[in-house]
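Structure assessment
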Amino acid sequence: MINELLNPWIRDLVPYSSARSEYSGSASVFLDANESWDGGNDGMNRYPDPFMRRLRKEMERVMGIPYEMSAVGNGSDEIIDMLIRMFCVPSCDSILIEQPTYGTYSVFARTSAVGVIDVPLTPSLSLDEDAMIRAIRSEKPKIVFICSPNNPTGRVYPLETILSIAEENKGITVVDEAYADFAEDFTSAIGAIHENPRIVVLRTFSKAYGKAGARLGILVSDPEIQKVFMKAKPPYNVSRCAENEGLEALLGADAVEKRIKETIARRKETAAFLSELPYVTEVFPSQANFILIRVQDAAALYSYLLERGIVVRNRSNDPLLENTIRITIGSESDMNKLKEALCEWR
Ligand code: PMP
């Protein structure tokens, strides 16, 4: 079934066979990959494991993501790009996204000459299930992207809604759960992959795990899709440095847990603070590590904060998001500086 959805040239692809993927067994003399024989004693003269086996085993242990269902990308951005290139025929297929949502789905589609079908969220920023199903029936997109919790709104969509859209969609449904760790009472779509292998879930080390600089994204899928990703990706897409960072984050799972709790508490406290400000007209409920607010004049507030050395995101150009600002939850001291500046405005 998955096979039929793949681009024919990907289905028939003979993967590049890297030196490190060809041998099995144990060896101690490596004369196979044209690496330098020297380069320090941290192993950096050697290519990384193309399949990130050690990291994926640790991901299974700590995150509970089954080994045979996982793959690692150079950020989830690389995985989004790869999925589009694996499944969508340029100048022919399209992806369907809700609007507003994370911006790279449409950009990667366009860089591959793949069409983008936009379905607006409802005025309350929830998924418009009926409109999505109508668009799926009429346009037959190859991939539907659903971001939950959504960026930039922070809203989690009910899993039943996501699953019924995925059921209706005969193509691939990618559920981007980058911010899932910050959501309370969250049920992941990972558990639904067994029933519907056309569901693919994205996770990342960039948010709760604190490793945005390392670029480590996670694909969770039916093993059939995982195998195709492994075959089609650049051979050494994740560096040794990134792998080490990922392993370190997983070893420090307690610290991650503590940071998540702190972030959630600060999100609630910041939301309460923001809702008291006279010029804030709306604080959107968020399950992520950011809060979206509506103000009287977003451009003026953005410039004012920047003058004070504080950078936020002005999301006012997104559909439905006129005069909105997205604020990431930072450290306690960051948030104190923000609050001080906000209190002194106007
Ligand atoms: N998905 C969403 C919803 C995001 O907001 C982001 C980053 N802002 C990403 C994916 C990209 O994450 P990564 O750092 O893993 O490429």
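Our structure's up above, just so we're on the same page.
These numbers were taken from a predicted model, which means no experiment stands behind them. (Residues numbered from 1 in each chain as written. Predicted model: local features only at pLDDT ≥ 70, side-chain atom pairs only at ≥ 80, totals over all residues. Heavy atoms only, no water.)

Moving on: helix H13 (residues 332-343). Taking 1.5 Å as the rise per residue, H13 with 12 residues should run 16 Å; its terminal C-alpha atoms sit 16 Å apart, in good agreement. Listed as buried for H13 are Met335, Leu338, Lys339, Ala341 and Leu342. Each buried residue of H13 sits inside an arc of 165° when the element is viewed along its axis, so together they form one side. Exposed and oriented more than 90 degrees from the buried face of H13 are Glu332 and Lys337. Each element contacted by the buried residues of H13 is listed here: helix H11 (253-275), helix H12 (298-307) and strand E11 (324-328). (Helix = DSSP H or I, 4+ residues; strand = E, 2+ residues; numbered from the N terminus. Expected span 1.5 Å × (residues − 1). Buried < 20%, exposed > 50% of the residue type's maximum accessible area, 1.4 Å probe, protein only. Arc of directions from axis to C-beta. Contact = heavy atoms within 4.5 Å.)

Taken as a whole, this structure holds 17 salt bridges when the rule is applied. Residue Asp93 is joined to Lys142 by a salt bridge in which the shortest nitrogen-to-oxygen separation is 3.2 Å. Of the two residues, Asp93 sits in the loop between helix H5 (75-87) and strand E2 (94-99) while Lys142 sits in the loop between helix H7 (129-139) and strand E4 (143-147), which places them 49 residues apart along the sequence. For the residue pair Asp93 and Lys142, the accessibility class agrees, reading buried in each case. Between Lys268 and Glu184 there is a salt bridge, and its shortest N-O distance comes to 3.0 Å. Of the two residues, Lys268 sits in helix H11 while Glu184 sits in the loop between strand E5 (172-176) and strand E6 (199-204), which places them 84 residues apart along the sequence. On the accessibility criterion, Glu184 (36% relative accessible area) is partly exposed. Residues joined in a network through salt bridges with shared partners are Glu184, Arg267 and Lys268. (Salt bridge = Lys/Arg side-chain N within 4 Å of Asp/Glu carboxyl O.)

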